[in-house]
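The residues making up each chain are set out below.
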Amino acid sequence: MTISQRLTPRARAARALGRGLGTVPAPGLVLGGILGLQGGAALSTGLYPAVGPAGVVTLRLAVAALVLGALWRPRIRGDRKTLGIAAAAGTLLAVHHLAYYEAVARLPLGAATTLEFLGPFALALCGSRRAPDLVWAGLAAAGVLLLGGTGTALDTAGVVCALGAGCCWGGYILAGRRLAARGPGGRGLALAVIWAALLSLPYGIAQAGARLLHPATVAVGATVAVLSSVVPYTCQLEALRRLTPRVFGVLTSLEPAVGALTGLLFLGQHLAVAQWAGVAAVGLASVGATRGESAAGARDAGDPAGAHRERGPSGRLVSGRRLD
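Note that the coordinates shown come from a computational prediction; the quantities given were computed from them, not determined experimentally.

### Describing the nonpolar core
And then number 1: In terms of nonpolar packing, the biggest core is built from 64 residues, with Tyr100, Val193 and Leu243 touching the most fellow members.
And then number 2: Every element with two or more residues in this core is listed here: helix 3 (26-44), helix 4 (48-72), helix 5 (80-106), helix 6 (109-126), helix 8 (156-181), helix 9 (187-208), helix 10 (215-242) and helix 11 (245-251).
And then number 3: When residues in this core are grouped by element, the largest group, 12 residues, is from helix 4.
And then number 4: In terms of nonpolar packing, the next biggest core, distinct from the first, is built from 7 residues, Phe117, Phe121, Val144 and Val282 among them.

### What to know about the pattern of salt bridges
And then number 1: Here the structure, examined in full by the defined rule, presents 4 salt bridges.
And then number 2: Ionic pairing is found between Glu238 and Arg241, a salt bridge with its closest N-O pair at 3.2 Å. Of the two residues, Glu238 and Arg241 both sit in helix 10, 3 residues apart, roughly one turn of that helix. Considered together, Glu238 and Arg241 belong to a single accessibility category, that of buried residues.

### Description of the environment of Ala165
And then number 1: You can see Ala165 is positioned in helix 8.
And then number 2: Take Ala165: its relative accessible area is 0%, and that puts it in the buried class.
And then number 3: Counting along the chain gives 72 residues from Ala165 to Leu93, while the straight-line C-alpha distance between them is 9.1 Å.
And then number 4: Residues within four places of Ala165 in sequence aside, it is in contact with His96, Ala99, Tyr100 and Glu116.

Cut-offs used in this document
Residues numbered from 1 in each chain as written. Predicted model: local features only at pLDDT ≥ 70, side-chain atom pairs only at ≥ 80, totals over all residues. Heavy atoms only, no water. Core = buried A, V, L, I, M, F, W, Y, C linked by side-chain atoms within 4.5 Å. Buried < 20%, exposed > 50% of the residue type's maximum accessible area, 1.4 Å probe, protein only. Helix = DSSP H or I, 4+ residues; strand = E, 2+ residues; numbered from the N terminus. Salt bridge = Lys/Arg side-chain N within 4 Å of Asp/Glu carboxyl O. Contact = heavy atoms within 4.5 Å.

Written as structure tokens, this is what we have:
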């Protein structure tokens with residue numbers, strides 16, 4: 001009997017998922033995660049009258065924890081360093097979610113996402129060592145300013161929550177990078193999401209109570225969880241194995257544009273001409289930064305084709321640098 005024949009159905013599904021993700025280019029994984037996050041955020045607004053932002057976060061993380069826990073079967077007994085990183089990542093996720101969904105409840109989706117982006121943007125700017133990267137970061141900043149100009153007064157509490165979410169998201173990029181480097185698979189991610197769900201539970205119960213268990217609410221919450229948690233976190237963890245934190249942060253500059261477009265298409269939040277210019281600027285900055293990193297990686301390694309840039313989990317090399 002071969003090893004593959006001895007694997008359980010769950011193990012075979014996890015292996016197939018890992019192989020499938022490995023065939024997707026890293027930028028595509030980041031974009032898929034962003035689409036899931038913003039689609040889930042738009043869908044979640046329908047739950048606010050029933051359970052509030054904290055209730056949505058609890059449902060989202062609880063369902064995601066069940067799905068990822070069943071898929072990866074993480075071991076609680078592990079080395080302390082991995083458990084510590086997973087706990088840090090989970091804490092950042094929980095605080096990010098609570099802050100971001102409070103911001104979405106008070107601000108237009110595009111404005112909330114734009115302010116949240118300042119966290120990854122600051123990470124990209126601080127980690128840059130090449131002059132062209134500063135140009136792309138500046139262009140992304142200009143796009144953020146144009147996109148955030150909604151022409152209406154923004155709620156102060158919403159702005160604070162969005163900025164706090166951005167800080168947590170920047171921290172998660174760093175923590176998630178270290179978690180991904182601890183080994184292949186999604187066991188570390190599952191531990192982080194389980195811990196985040198436990199942290200959010202008291203807030204969700206306090207705000208929504210028994211309404212969290214209404215069948216219709218659970219159904220919509222499960223959909224939001226798959227779109228906003230299971231898909232994005234799985235894609236992002238794989239992307240973080242193959243991208244530097246700086247490039248990952250700049251790629252996520254697409255998130256304000258996707259958020260604004262999602263708000264337009266699904267929530268009727270229209271954009272001004274200047275805001276559309278911001279969408280284009282942010283997208284151009286992301287493309288430029290990605291291409292610049294690819295070219296730099298090939299030159300640094302003396303490989304014009306850059307064939308070794310992204311070896312994935314087994315190679316453990318990204319643009320000529322070791323992950324650990």
